[in-house]
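These are the residues of each chain, in order.
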Amino acid sequence: MAEHAARRCCLGWDFSTQQVKVVAVDAELNVFYEDSVLFDRDLLEFGTQGGVHVHEDGLTVTSPVLMWVQALDIILEKMKASGFDFSQVLALSGAGQQHGSVYWKAGASQVLTSLSPDLLLHEQLQACFSIRDCPVWMDSSTTAQCRQLEATVGGAQALSCLTGSRAYERFTGNQIAKLYQQNPEAYSHTERISLVSSFAASLFLGSYSPIDYSDGSGMNLLRIQDKVWSQACLGACAPHLEEKLGLPVPSCSVVGAISSYFVQRYGFPPGCKVVAFTGDNPASLAGMRLEEGDIAVSLGTSDTLFLWLQEPTPTLEGHIFCNPVDPQHYMALLCFKNGSLMREKIRDELASSSWSEFSKALQSTEMGNSGNLGFYFDVMEITPEIIGRHRFSAENHEVSAFPWDVEIRALIEGQFMAKKIHAEGLGYRVMPKTKILATGGASHNRDILQVLADVFGTPVYVIDTANSACVGSAYRAFHGLAAGTDVPFSEVVKLAPNPRLAAAPTPGASQVYEALLQRYAMLEQRILTQTRGPPE
Ligand SMILES: O=C(CO)[C@@H](O)[C@H](O)CF
């Protein structure tokens, strides 16, 4: 990188599943520096695949905490070698993969507060963790703990109303319960438990950073209405847990000034503020500058849908988190596992592996697909729990096949009708100023976005969010500089690049899909009943 002119800036970090990434954003909200360390490529000694270790049981998934620490060392040394002027950094914040947990061994806080600037972080933190392999969001080994937790609080819906989600295997409370039950000695030697986000913040702080409300909502432990730990949930997971977690804080909190280690080794200004780190999805909501009434659709391997909600409407599917940029509001998140996986499979099977052929099918078929409907789940879907391919004629008769172009439209219309139906189940309602922000690989296909606009009846915008969690973290750092002034996040980021209009609803679309959505919902219930029996 060329020598950087001195530019007052904020840094945004992302400790994600596969890499640690950083962006530097100047006062005009332009990204002028970015760098990353990929665990599988740059830290071969840890032997991860996709940044994780999948254990032999096929359910346990962990990542080495010292790999994350060493990745930070590498990025900081690369920035230093490139001549990055750390003295211009006014504040920093960051994100971490949600739900993962880090276990600091008794005595680690003394090490954190007295780091020598002559050594790298990972050289000094080797003995600071009770377990070196941390459970991450891909883990699904805690089903027993999930059932125990739900039983303690009165069932799945009760837990969802309390914490924003029913019990999920990846959620941190259940992971802590498993550690306590299976490795009580490690648990007893643990003086602090962090999320990946608050662990990363602790490195910059040189002391334990509190967990923020938004990422804390992904633990099945935080009461999302009054933002305090649920004593019932804590007690169901492990003893003395509250003292190991510390008190949660609003996501916009300045949690302290940067540790002297970074001042002396890298030249950060002593007054550089650390703003609470949060989860990657809440940080992405900030990076996309999602506003009330908007909906973000990330069309990736799995499709993720974010919503801004004024009031929580917890259900048995999806998740409600405290909003990362407005402490009075909430955000909803829905995961659809059969995202690009299905789009690419159908493209390969029916469109000669060509997106242009795929698009031609969408262009040559009408909105509503003459009443033909399809459900395409080659892996067990999360939202809802269905597997297999199911096709229905306009008369709701199940059929075994569609013509190739009808099948392609049925796939895309079905994926987006599912999103609208389940988003409405979480409280989403189209408002006059509602817009959809589309991101992820499939958001580069305009014909797919046209179907999205038609099904929702709202315009679709695209925004480059390859770094949405990083950029959102830098934006939140700027917002932290205004802490105490009541300046809203939207005001702080108003200069950020605007999303681009990619597709507007076709006239008459709402009429077509109003009827189709009702049929889709009815047929989805029919499949659910057939595959798992009548509702209890
Ligand atoms: O589990 C998830 C959200 O609930 C994932 O999106 C992780 O945050 C990815 F890091």
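Predicted, not measured: the structure shown is a model, and the values here were computed from it.

**Focus: the overall build of the protein**
Within the protein, the secondary structure is distributed over 21 helices and 24 strands. Relative to a compact globule of 536 residues, whose C-alpha radius of gyration would be 24 Å, the protein shows 23 Å and is just as compact. A principal-axis box enclosing the C-alpha atoms of the protein has dimensions of 70 × 55 × 45 Å. The buried share of the protein, reckoned over its 536 residues, is 60%. Residue pairs at least 24 apart in sequence account for 72% of intrachain contacts in the protein once pairs closer than 6 positions are excluded. Split by element, the accessible area of the protein, about 20,100 Å² in all, is 53% carbon and sulfur. Averaging the coordinates of the 39 positive side-chain charges in the protein and doing the same for the 57 negative ones gives two points 2 Å apart.

**Observations regarding the sheet that holds strand β4 (residues 53-54)**
As summarised here, the arrangement of the three strands in space is β4-β5-β8, forming an open sheet in which the pairing is antiparallel. Bordering the open sheet on either side are β4 and β8 (133-135), each of which pairs with just one other strand. Sheet strands in contact with helix α2 (residues 65-81) are β5 (61-64) and β8, and its direction is about 40° off that of β5.

**What to know about the packing of aromatic side chains**
Taken as a whole and judged by the stated rule, the model has 24 aromatic pairs. Between F86 and Y266, the ring centres sit 5.7 Å apart and the planes meet at 55°, which makes this aromatic pair tilted. You can see F86 sitting in the loop between α2 and β6 (89-96) and its partner Y266 sitting in helix α13 (residues 260-266), a full 180 residues away along the chain. The exposure class of F86 is buried, given its relative accessible area of 2%. If you follow R166 out to its NZ or CZ, it ends over the ring of Y168, 4.2 Å from the centre. When the ring centre of Y168 is taken as reference, the NZ or CZ atom of R170 above it lies at 5.4 Å.

**So, unusual backbone geometry**
The omega torsion of the bond from T383 to P384 falls at 0°, within 30 degrees of zero and hence cis. As for its placement among the helices and strands, P384 is situated in the loop between β19 (373-377) and β20 (388-392). Of note, L29 is a non-glycine position whose phi angle comes to about 65°, a positive value. Structurally, L29 can be placed in the loop between β2 (19-26) and β3 (31-38).

**Section: the UniProt feature "domain: Carbohydrate kinase FGGY N-terminal" (unreviewed entry) in the protein**
The feature "domain: Carbohydrate kinase FGGY N-terminal" (unreviewed entry), as given by UniProt, occupies residues 131-287 in the numbering adopted here. With 48% helix and 14% strand, residues 131-287 has its two end C-alpha atoms placed 33 Å apart.

What counts and how
Residues numbered from 1 in each chain as written. Predicted model: local features only at pLDDT ≥ 70, side-chain atom pairs only at ≥ 80, totals over all residues. Heavy atoms only, no water. Helix = DSSP H or I, 4+ residues; strand = E, 2+ residues; numbered from the N terminus. Rg over C-alpha atoms; globule rule 2.2 N^0.38 Å. Buried < 20%, exposed > 50% of the residue type's maximum accessible area, 1.4 Å probe, protein only. Contact = heavy atoms within 4.5 Å. Areas by Shrake-Rupley, 256 points an atom, 1.4 Å probe, with all protein chains shown as cover. Lys, Arg positive; Asp, Glu negative; His and termini not counted. Charge placed at Lys NZ, Arg CZ, Asp CG, Glu CD. Pairing = 2+ DSSP bridges. Axes fitted to C-alpha atoms, helices over the stretch in contact; angles between N-to-C directions. Phe/Tyr/Trp six-rings, centres within 6.5 Å; stacked < 30°, edge-to-face > 60°. Lys NZ or Arg CZ within 6 Å of the ring centre and 35° of its normal. UniProt positions renumbered as here; feature names shortened; annotations may be inferred.

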